[in-house]
Amino acid sequence: MRLRNIPGADDQIAVSPYCIQAPVEHRGLWHHVFQNRHPLHIEVGMGKGSFILKLAQNNPDKNFIGIEKYTSVLLRAIQKLERIPPNEVPNNLRFICMDAEHLNDVFAPEEIDTIYLNFSDPWPKKRHARRRLTSRQFLSLYDQILAKNGTIEFKTDNRQLFEFSLSELSAVQWKLDACSYDLHNDPELNKGNIMTEYEEKFSSFGNPIYKLITSR
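Residues numbered from 1 in each chain as written. Predicted model: local features only at pLDDT ≥ 70, side-chain atom pairs only at ≥ 80, totals over all residues. Heavy atoms only, no water.

> Just checking my understanding: could you explain helix α4 (residues 71-82) for this structure?
Every α-helix carries 3.6 residues per turn, so stepping three or four residues along brings you back to the same face. With 12 residues, α4 should cover 16 Å at 1.5 Å per step; its first-to-last C-alpha distance of 16 Å lies within 8% of that length. Those residues of α4 that sit buried are S72, V73, L74, L75, A77, I78 and L81. Those residues of α4 that are buried lie in contact with α1 (9-15), α3 (50-58), β2 (63-68) and β3 (93-97). (Helix = DSSP H or I, 4+ residues; strand = E, 2+ residues; numbered from the N terminus. Expected span 1.5 Å × (residues − 1). Buried < 20%, exposed > 50% of the residue type's maximum accessible area, 1.4 Å probe, protein only. Contact = heavy atoms within 4.5 Å.)

> Would you explain the packing of aromatic side chains in this entry?
Aromatic rings considered in pairs are described by the distance between their centres and by the relative angle of their planes. Here the structure, examined in full by the defined rule, presents 9 aromatic pairs. Where F51 meets Y116, the ring centres are 5.4 Å apart and the plane angle is 70°; that geometry is what we call edge-to-face. Of this pair, F51 sits in helix α3 while Y116 sits in strand β4 (residues 112-118), and the two are 65 residues apart along the sequence. A single burial state applies to F51 and to Y116, both of which are buried. (Phe/Tyr/Trp six-rings, centres within 6.5 Å; stacked < 30°, edge-to-face > 60°.)

> Just checking my understanding: could you explain the environment of I13 for this structure?
Positionally, I13 belongs in helix α1. Considering only alpha carbons, one finds I13 and T71, 58 residues apart in sequence, at a separation of 7.5 Å. Not counting chain neighbours up to four residues away, the residues in contact with I13 comprise C19, Q21, T71, L74, L75 and I78.

> Even after reading the chapter, I still don't get the side chain of H31, so can you show me in this structure?
Structurally, the position occupied by H31 is in helix α2 (residues 30-34). At a separation of 3.2 Å, a polar atom in the side chain of H31 contacts the side chain of R37. For H31, the contacting residues outside a window of four places in its chain are N36 and R37. (Polar contact = N/O pair within 3.5 Å; in protein donor to acceptor, adjacent residues only side chain to side chain.)

> It is not clear to me how the pairing of strand β7 (residues 210-215) should be interpreted in this structure. Could you clarify?
Residues in a regular strand project their side chains so that they alternate between the two faces of the sheet. Judged by how many residues are buried, β7 sits mostly within the fold: 6 of 6 residues are covered. The alternating pattern of β7 places Y210, L212 and T214 and K211, I213 and S215 on opposite faces, both of which are buried. Where strand β5 (residues 146-156) lies against β7, 6 bridges are found, and the strand directions are antiparallel. Along β7, the bridge assignment pairs I152 with T214. (Pairing = 2+ DSSP bridges.)

> Teacher, can you tell me more about helix α7 (residues 159-171) here?
Taking 1.5 Å per residue as the helical rise, α7 with its 13 residues ought to reach 18 Å, and the 18 Å between its terminal C-alpha atoms agrees with that figure. Among the residues of α7, L161, F162, F164, S165, L166, E168 and L169 are the ones counted as buried. On its buried side, α7 packs onto α6 (136-145), β5, β6 (175-180) and β7. Capping the start of α7 is the job of one residue whose side-chain oxygen sits 3.1 Å from the backbone nitrogen of Q160: N158. Within two residues after α7, Q173 carries a phi angle of roughly 60°, on the positive side.

> When you look at the environment of N104 in this model, what are you seeing that I'm missing?
Here N104 is to be found in helix α5 (residues 103-106). Sequence separation between N104 and E82 is 22 residues; the distance between their C-alpha atoms is 30 Å. If sequence neighbours within four positions are ignored, N104 has contacts with R27, L141, Q144 and I145.

Given below as C-alpha coordinates:
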(Lines give C-alpha, C1' and ligand atoms only; values in the text may rest on other atoms or scores of the structure.)
Protein backbone atom coordinates (compact mmCIF):
# COMPACT_ATOMS: atom_id res chain seq x y z
CA MET A 1 0.00 0.00 0.00
CA ARG A 2 1.37 3.39 -0.98
CA LEU A 3 1.51 5.81 1.94
CA ARG A 4 0.61 9.42 1.34
CA ASN A 5 3.32 11.74 2.58
CA ILE A 6 2.06 14.47 4.90
CA PRO A 7 4.12 17.66 4.64
CA GLY A 8 5.43 18.76 8.01
CA ALA A 9 4.81 15.39 9.71
CA ASP A 10 8.42 15.16 10.92
CA ASP A 11 8.26 18.61 12.48
CA GLN A 12 4.98 17.90 14.28
CA ILE A 13 6.29 14.61 15.64
CA ALA A 14 9.46 16.32 16.88
CA VAL A 15 7.49 18.68 19.13
CA SER A 16 4.72 16.32 20.25
CA PRO A 17 4.66 15.64 24.01
CA TYR A 18 3.34 12.16 23.22
CA CYS A 19 6.44 11.13 21.23
CA ILE A 20 9.74 10.13 22.75
CA GLN A 21 12.70 11.82 21.11
CA ALA A 22 16.10 10.02 21.25
CA PRO A 23 14.56 6.84 22.70
CA VAL A 24 17.96 5.11 22.95
CA GLU A 25 18.69 7.37 25.90
CA HIS A 26 15.92 5.64 27.87
CA ARG A 27 17.13 2.07 27.31
CA GLY A 28 16.70 0.23 30.60
CA LEU A 29 15.21 3.35 32.17
CA TRP A 30 11.66 3.42 30.88
CA HIS A 31 10.31 3.35 34.43
CA HIS A 32 11.78 6.86 34.77
CA VAL A 33 9.78 8.04 31.74
CA PHE A 34 6.51 6.72 33.20
CA GLN A 35 7.56 7.42 36.81
CA ASN A 36 6.52 3.95 37.94
CA ARG A 37 7.57 0.33 37.58
CA HIS A 38 4.42 -1.00 35.95
CA PRO A 39 4.81 -3.71 33.29
CA LEU A 40 5.82 -2.34 29.89
CA HIS A 41 3.93 -3.38 26.75
CA ILE A 42 4.78 -2.36 23.18
CA GLU A 43 2.95 -2.53 19.87
CA VAL A 44 5.24 -2.83 16.87
CA GLY A 45 3.68 -1.26 13.79
CA MET A 46 0.84 0.46 15.62
CA GLY A 47 -0.64 2.23 12.60
CA LYS A 48 -3.00 5.04 13.62
CA GLY A 49 -2.91 3.99 17.25
CA SER A 50 -6.51 2.99 17.95
CA PHE A 51 -5.60 -0.40 19.45
CA ILE A 52 -2.87 0.75 21.83
CA LEU A 53 -4.86 3.82 22.88
CA LYS A 54 -7.76 1.63 24.00
CA LEU A 55 -5.35 -0.73 25.76
CA ALA A 56 -3.81 2.14 27.68
CA GLN A 57 -7.21 3.51 28.65
CA ASN A 58 -8.39 0.09 29.84
CA ASN A 59 -5.20 -0.81 31.73
CA PRO A 60 -3.92 2.09 33.85
CA ASP A 61 -1.72 -0.37 35.79
CA LYS A 62 0.44 -1.02 32.72
CA ASN A 63 2.62 1.21 30.51
CA PHE A 64 2.36 1.21 26.72
CA ILE A 65 4.60 2.32 23.88
CA GLY A 66 3.38 2.39 20.29
CA ILE A 67 6.09 2.01 17.65
CA GLU A 68 5.57 3.16 14.07
CA LYS A 69 8.23 3.83 11.44
CA TYR A 70 6.12 5.87 9.02
CA THR A 71 5.82 9.50 10.10
CA SER A 72 2.63 10.14 8.15
CA VAL A 73 0.93 7.24 9.95
CA LEU A 74 2.33 8.17 13.37
CA LEU A 75 1.04 11.70 12.93
CA ARG A 76 -2.51 10.31 12.67
CA ALA A 77 -2.06 8.61 16.05
CA ILE A 78 -0.83 11.88 17.57
CA GLN A 79 -3.81 13.75 16.15
CA LYS A 80 -6.10 11.12 17.66
CA LEU A 81 -4.71 11.91 21.11
CA GLU A 82 -4.94 15.64 20.49
CA ARG A 83 -8.70 15.32 19.92
CA ILE A 84 -9.15 13.87 23.41
CA PRO A 85 -9.68 16.34 26.30
CA PRO A 86 -6.26 16.78 27.97
CA ASN A 87 -7.48 15.42 31.29
CA GLU A 88 -8.64 12.22 29.55
CA VAL A 89 -5.40 11.42 27.70
CA PRO A 90 -3.86 8.34 29.35
CA ASN A 91 -0.52 9.13 30.98
CA ASN A 92 0.64 5.55 30.49
CA LEU A 93 1.03 5.87 26.71
CA ARG A 94 3.93 7.11 24.57
CA PHE A 95 4.91 6.81 20.91
CA ILE A 96 8.23 6.20 19.18
CA CYS A 97 9.05 6.74 15.51
CA MET A 98 11.53 4.00 14.62
CA ASP A 99 12.13 0.81 12.66
CA ALA A 100 11.58 -2.47 14.53
CA GLU A 101 15.09 -3.59 13.57
CA HIS A 102 16.44 -1.29 16.28
CA LEU A 103 14.33 -2.52 19.20
CA ASN A 104 17.29 -3.79 21.20
CA ASP A 105 18.93 -0.36 20.92
CA VAL A 106 15.93 1.13 22.71
CA PHE A 107 14.93 -1.60 25.18
CA ALA A 108 17.18 -3.48 27.60
CA PRO A 109 17.13 -7.26 28.14
CA GLU A 110 13.89 -8.46 29.77
CA GLU A 111 12.45 -4.93 29.84
CA ILE A 112 9.27 -5.77 27.88
CA ASP A 113 6.38 -7.86 29.21
CA THR A 114 4.23 -8.09 26.08
CA ILE A 115 4.74 -7.37 22.38
CA TYR A 116 1.70 -6.85 20.13
CA LEU A 117 1.97 -7.44 16.38
CA ASN A 118 -1.23 -6.52 14.59
CA PHE A 119 -1.84 -6.94 10.85
CA SER A 120 1.83 -6.64 10.01
CA ASP A 121 3.02 -6.25 6.42
CA PRO A 122 2.99 -9.82 4.99
CA TRP A 123 5.95 -9.22 2.64
CA PRO A 124 4.53 -11.89 0.29
CA LYS A 125 7.66 -12.46 -1.83
CA LYS A 126 9.79 -15.33 -0.53
CA ARG A 127 13.01 -13.34 -0.78
CA HIS A 128 11.55 -10.83 1.69
CA ALA A 129 10.60 -13.42 4.34
CA ARG A 130 13.18 -12.18 6.85
CA ARG A 131 11.41 -8.78 6.87
CA ARG A 132 8.20 -10.28 8.24
CA LEU A 133 7.77 -9.30 11.88
CA THR A 134 7.20 -12.94 12.85
CA SER A 135 10.32 -14.25 11.07
CA ARG A 136 12.94 -16.10 13.10
CA GLN A 137 15.21 -13.06 12.70
CA PHE A 138 12.70 -10.84 14.49
CA LEU A 139 11.85 -13.57 17.01
CA SER A 140 15.51 -13.60 17.97
CA LEU A 141 15.35 -9.84 18.44
CA TYR A 142 12.23 -10.06 20.61
CA ASP A 143 13.88 -12.77 22.68
CA GLN A 144 16.52 -10.24 23.72
CA ILE A 145 14.06 -7.75 25.21
CA LEU A 146 11.17 -9.91 26.49
CA ALA A 147 10.89 -10.70 30.18
CA LYS A 148 11.20 -14.35 31.21
CA ASN A 149 7.44 -14.84 31.22
CA GLY A 150 6.84 -12.32 28.44
CA THR A 151 4.51 -13.00 25.52
CA ILE A 152 3.90 -11.98 21.93
CA GLU A 153 0.34 -11.57 20.66
CA PHE A 154 -0.06 -11.65 16.89
CA LYS A 155 -3.17 -11.01 14.79
CA THR A 156 -3.59 -11.05 11.02
CA ASP A 157 -6.15 -11.72 8.31
CA ASN A 158 -3.46 -13.22 6.05
CA ARG A 159 -3.59 -17.04 6.19
CA GLN A 160 -0.22 -17.47 4.48
CA LEU A 161 1.49 -15.13 6.94
CA PHE A 162 -0.17 -16.91 9.85
CA GLU A 163 1.00 -20.33 8.65
CA PHE A 164 4.50 -18.92 8.10
CA SER A 165 4.48 -17.53 11.64
CA LEU A 166 3.49 -20.87 13.15
CA SER A 167 6.27 -22.56 11.20
CA GLU A 168 8.87 -20.04 12.37
CA LEU A 169 7.80 -20.42 16.00
CA SER A 170 8.17 -24.19 15.73
CA ALA A 171 11.57 -23.88 14.03
CA VAL A 172 13.02 -21.82 16.89
CA GLN A 173 11.11 -23.73 19.60
CA TRP A 174 8.90 -20.97 20.94
CA LYS A 175 5.84 -22.17 22.87
CA LEU A 176 2.41 -21.75 21.31
CA ASP A 177 0.22 -20.68 24.22
CA ALA A 178 -2.96 -20.03 22.21
CA CYS A 179 -4.03 -20.20 18.59
CA SER A 180 -7.22 -19.47 16.65
CA TYR A 181 -8.07 -19.55 12.96
CA ASP A 182 -11.28 -17.61 13.59
CA LEU A 183 -10.72 -15.24 16.48
CA HIS A 184 -14.12 -13.55 16.49
CA ASN A 185 -15.87 -16.91 16.83
CA ASP A 186 -13.50 -18.15 19.52
CA PRO A 187 -15.31 -17.39 22.81
CA GLU A 188 -12.19 -17.78 24.95
CA LEU A 189 -9.53 -16.01 22.90
CA ASN A 190 -11.90 -13.27 21.75
CA LYS A 191 -12.75 -12.35 25.33
CA GLY A 192 -11.75 -8.71 25.82
CA ASN A 193 -10.43 -8.46 22.27
CA ILE A 194 -9.69 -4.90 21.10
CA MET A 195 -10.03 -4.47 17.36
CA THR A 196 -7.62 -2.44 15.27
CA GLU A 197 -8.75 -0.27 12.36
CA TYR A 198 -7.65 -3.00 9.94
CA GLU A 199 -9.41 -5.67 11.95
CA GLU A 200 -12.71 -3.82 11.81
CA LYS A 201 -12.31 -3.37 8.07
CA PHE A 202 -11.29 -6.94 7.23
CA SER A 203 -13.84 -8.60 9.50
CA SER A 204 -16.61 -6.45 7.96
CA PHE A 205 -15.77 -8.18 4.66
CA GLY A 206 -16.29 -11.54 6.33
CA ASN A 207 -12.57 -12.35 6.53
CA PRO A 208 -11.58 -14.63 9.43
CA ILE A 209 -9.04 -13.15 11.82
CA TYR A 210 -6.16 -15.35 12.95
CA LYS A 211 -4.49 -14.94 16.33
CA LEU A 212 -1.71 -16.60 18.27
CA ILE A 213 -0.02 -16.01 21.60
CA THR A 214 3.52 -17.26 22.05
CA SER A 215 6.24 -17.24 24.68
CA ARG A 216 9.70 -18.63 25.31
